[in-house]
Amino acid sequence: MSLPDSELPRTEDEWRVRLSPDEFRVLREHGTEPAWTGEYVETKTPGMYRCRACGAELYPSDTKFDSHCGWPSFDDAIPGAIREIEDNSLGMARTEIRCARCDSHLGHVFRGEHFTPKDTRHCVNSLSIRLDPSTA
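Owing to the predicted nature of the structure, the values given are computational and were not obtained by experimental measurement. (Residues numbered from 1 in each chain as written. Predicted model: local features only at pLDDT ≥ 70, side-chain atom pairs only at ≥ 80, totals over all residues. Heavy atoms only, no water.)

### A look at the overall build of the chain
Scanning the chain for helices and strands turns up two helices and nine strands. Each helix and strand of the chain, ordered N terminal to C terminal, gives the series α-α-β-β-β-β-β-β-β-β-β. Computed over C-alpha atoms, the radius of gyration of the chain comes to 14 Å, within 12% of the 14 Å expected from 2.2 N^0.38 for 136 residues, which places it in the range of a compact globule. The principal-axis extent of the C-alpha atoms belonging to the chain is close to 40 × 40 × 30 Å. Taking all 136 residues of the chain together, the buried fraction comes to 50%. Of all intrachain contacts in the chain linking residues separated by at least 6 positions in sequence, the fraction that spans at least 24 positions is 53%. (Helix = DSSP H or I, 4+ residues; strand = E, 2+ residues; numbered from the N terminus. Rg over C-alpha atoms; globule rule 2.2 N^0.38 Å. Buried < 20%, exposed > 50% of the residue type's maximum accessible area, 1.4 Å probe, protein only. Contact = heavy atoms within 4.5 Å.)

Put into structure tokens, the structure is as follows:
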């Protein structure tokens with residue numbers, strides 16, 4: 001479930017206490033887990049994907065698709081759940097996606113690849129999300 005607003009960490013030190021070192025590196029330091037290593041790369045279980053940091057609902061499982069890129073891919077998010085930020089690191093222009101509620105790094109969004117009718121791929125680290133199989 002989602003953390004109450006009053007329990008959301010306010011500092012990076014507070015986040016560091018709540019998250020594992022790997023989760024902290026990805027969610028708070030904008031890291032990336034190695035391709036094909038995440039627990040949700042090939043998952044087909046119905047449910048809701050939530051932010052691993054704050055529990056906010058992000059992606060219904062019916063928006064997940066096989067992009068064969070090495071990370072879980074979604075073609076749409078719950079409206080208002082994701083914030084997009086220009087990312088010019090690594091010498092290229094990309095769009096970073098963050099949880100709109102807690103500002104944790106999720107991954108990047110790519111458009112124009114023609115994988116789905118929505119023509120959008122949210123490439124998300126498994127360490128950034130948690131599947132709640134009890135909700136659809």
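### Brief notes about the sheet that holds strand β3 (residues 64–65)
Here we have six strands laid out as an open sheet, ordered β3-β4-β8-β7-β6-β5, and antiparallel in their pairing. The strands lining the two open edges of the sheet, one partner per strand, are β3 and β5 (82–87). Inspection of the sheet shows strand β6 (residues 94–99) paired to strand β7 (residues 105–111) by four bridges, in the antiparallel sense. Following the sheet pairing, R98 is matched in β7 by H105. (Pairing = 2+ DSSP bridges.)

### Concerning the side chain of S128
Looking at the secondary structure, you find S128 in the loop between β8 (120–124) and β9 (129–132). Given the relative accessible area of 0%, S128 is considered buried. Setting aside anything within four residues of it in sequence, one finds S128 in contact with V26, L27, R50, C51, R52, H105 and L106.

### With respect to the confidence of the model for the chain
Here the chain shows a mean pLDDT of 93. Residues at 70 or above account for 98%. The weakest mean pLDDT in the chain belongs to β5 at 93; the strongest belongs to strand β2 (residues 57–60) at 98. (pLDDT = per-residue confidence, 0-100.)

### Let's talk about the environment of A81
With respect to the helices, strands and loops of the structure, A81 is situated in the loop between β4 (73–74) and β5. In this structure, the C-alpha to C-alpha distance between A81 and E57, residues 24 residues apart in sequence, is 7.1 Å. The residues contacting A81, other than those within four sequence positions of it, are E57, L58, R98, C99 and A100.

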